[in-house]
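Coordinate analysis (summary)
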Amino acid sequence: MNKVVTKFGGSSLADASQFKKVKEIILADDARRYVIPSAPGKRHGKDTKITDLLYLCHMHVETGISLEDVFKHIEERYTGIVNDLGLDLDISTYLDVVKKDIENGASKDYAASRGEYLNGIILANYLGYDFVDAKEVILFNEDGTLNSEETNKRLKDKLCKIERAVIPGFYGADEQGEIVTFSRGGSDVTGSLVAASINADLYENWTDVSGFLMADPRIVENPKTIGKITYKELRELSYMGASVLHEEAIFPVKEAGIPINIKNTNLPEDKGTIIVQDTENEKCKTITGIAGKKNFTVISIEKAMMNNELGFCRKVLSILEMNNISFENMPAGIDTVCLVIADSELKKKKDIVIEEIRRSCNPDSIVVHPNMAMIATVGKGMAKNKGVAAKVFGALAKAKINIRMIDQGSSEMNILVGIENEDFERAIKSIYNAFN
Ligand code: ASP
């Protein structure tokens, strides 16, 4: 029998009516055997996620304020779900334990993790599936990083004996049994780890959108959905700001060669986006998506005969390292090298960095371009199709947008352009329109 791991995000489990949709989805395919829930998310724009309420409870206790008022909202949400679903489950006993633990000074991670834990208990009861506590199967090292090997082993050992289970997302435990969480949105990672451990045929990630869009819908009106994308393309797009899956969710399934399908709980018939290892023998569209970020500074360093000077770039980069600054990109020419650095990294260190480069590298000039935005036009298909770059630059020229920097990685999968912050939205729209 096929094995499908399904992860449901917070909005998919925000209330009883969403739980009903989730059950229908799970029952529609017998292969959907392992289910990873998030904590209840927002029911509407002004609502608050349970996870945020739990963090707030923890903060209240830390600062000596009573958690009573906030915890009431949490209780209402969960008892509401249980009652509306008509479950024979005494969720108040579980809620009381959580409340007491937080009141008695349980850790921040413990508090946050209870959103998924309680939702997992409810969902397992509703589906008639076993409940597997993530603290038994997801192991973290002392430094807070995941112990992938042991996690994989524990998941495998546990799940080979259980045909159908609910495993709450977002958390695990360290060797001492103390709860540790992933970073926000981490249920995606749990789903990916479970899928890899049982060598699933598919990892379904159910959310409230029908897959990834080719561009940010706040900028481009009704952008097309991406039907299929490779892990690498997705990595490039999410790195450049397209908020999709949790970054760490890609690696476990990618290594195991398991595709991910992003699906919409509210429109389950929509195909969504499928993320695959490769699209080698398929006809690729020239571009897959466009994403970008604002607020970069480009430091452009020029020195005649730089190409002959051994160790020039090493010196420049060690200055960044010493100042604890990570750079985004480093396009270079024969006599020039540019450092593209996010403003949040450079902060107030710009003058120091420039002074140190001047002193130790003795360049002919250093020019600083602030207020830059970077836009990535990503697509595996561009390697095989001529004229993609011409189309990108043509579109920007037509929109009278000045390109300050160009970089195309050797993977021929990404054309990166640096433009002024103020041209950002117009640039994305014009590139999108050129290809659609
Ligand atoms: N509930 C957690 C969060 O809000 C984790 C998740 O939803 O994946 O970040």
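To start, this report covers the structure provided alongside it. (Residues numbered from 1 in each chain as written. Predicted model: local features only at pLDDT ≥ 70, side-chain atom pairs only at ≥ 80, totals over all residues. Heavy atoms only, no water.)

Turning next to the site of the ligand. In the vicinity of the ligand, the residues found are S38, K49, T51, E116, F170, R184, G185, G186 and S187. A distance of 2.7 Å is found between an oxygen atom of the ligand and a side-chain nitrogen or oxygen belonging to R184. In the model, an oxygen atom of the ligand is placed 3.4 Å from a nitrogen or oxygen of the G186 main chain. When the free accessible area of the ligand is taken as 260 Å², the share hidden by the protein chains comes to 93%. Looking at the shell around the ligand residue by residue, the class counts come to 1 nonpolar, 5 polar and 3 charged. (Near = heavy atom within 4 Å. Polar contact = N/O pair within 3.5 Å; in protein donor to acceptor, adjacent residues only side chain to side chain. Areas by Shrake-Rupley, 256 points an atom, 1.4 Å probe, with all protein chains shown as cover. Nonpolar A, V, L, I, M, F, W, Y, C, P; charged D, E, K, R; others polar.)

Another point: the sheet that holds strand β15 (residues 405-408). With antiparallel pairing, the 5 strands of this open sheet are ordered in space as β13-β12-β14-β16-β15. Across the chains shown, the open sheet's two edge strands, defined by having one partner strand only, are β13 (336-342) and β15. For this sheet, the mean inter-axis angle between neighbouring strands, taken without regard to orientation, is 35 degrees. Here strand β12 (residues 289-302) runs beside strand β14 (residues 365-378); their pairing, made up of 11 bridges, is antiparallel. Counterpart to A291 in the pairing with β14 is A376. Sitting on the sheet, helix α9 (residues 231-239) is in contact with β12, β14 and β16 (414-420), with an inclination near 65 degrees to β12. (Pairing = 2+ DSSP bridges. Helix = DSSP H or I, 4+ residues; strand = E, 2+ residues; numbered from the N terminus. Axes fitted to C-alpha atoms, helices over the stretch in contact; angles between N-to-C directions. Contact = heavy atoms within 4.5 Å.)

Attention now moves to the sheet that holds strand β1 (residues 4-8). Judged by pairing direction, the sheet is mixed, and its 8 strands sit side by side in the order β3-β5-β2-β1-β8-β10-β11-β9 without closing on themselves. Two strands lie at the open edges of the sheet, namely β3 (130-131) and β9 (228-230), each paired on one side alone. Where β9 and strand β11 (residues 273-276) come together, 3 bridges link them in parallel fashion. Bridged to K228 within β11 is I274.

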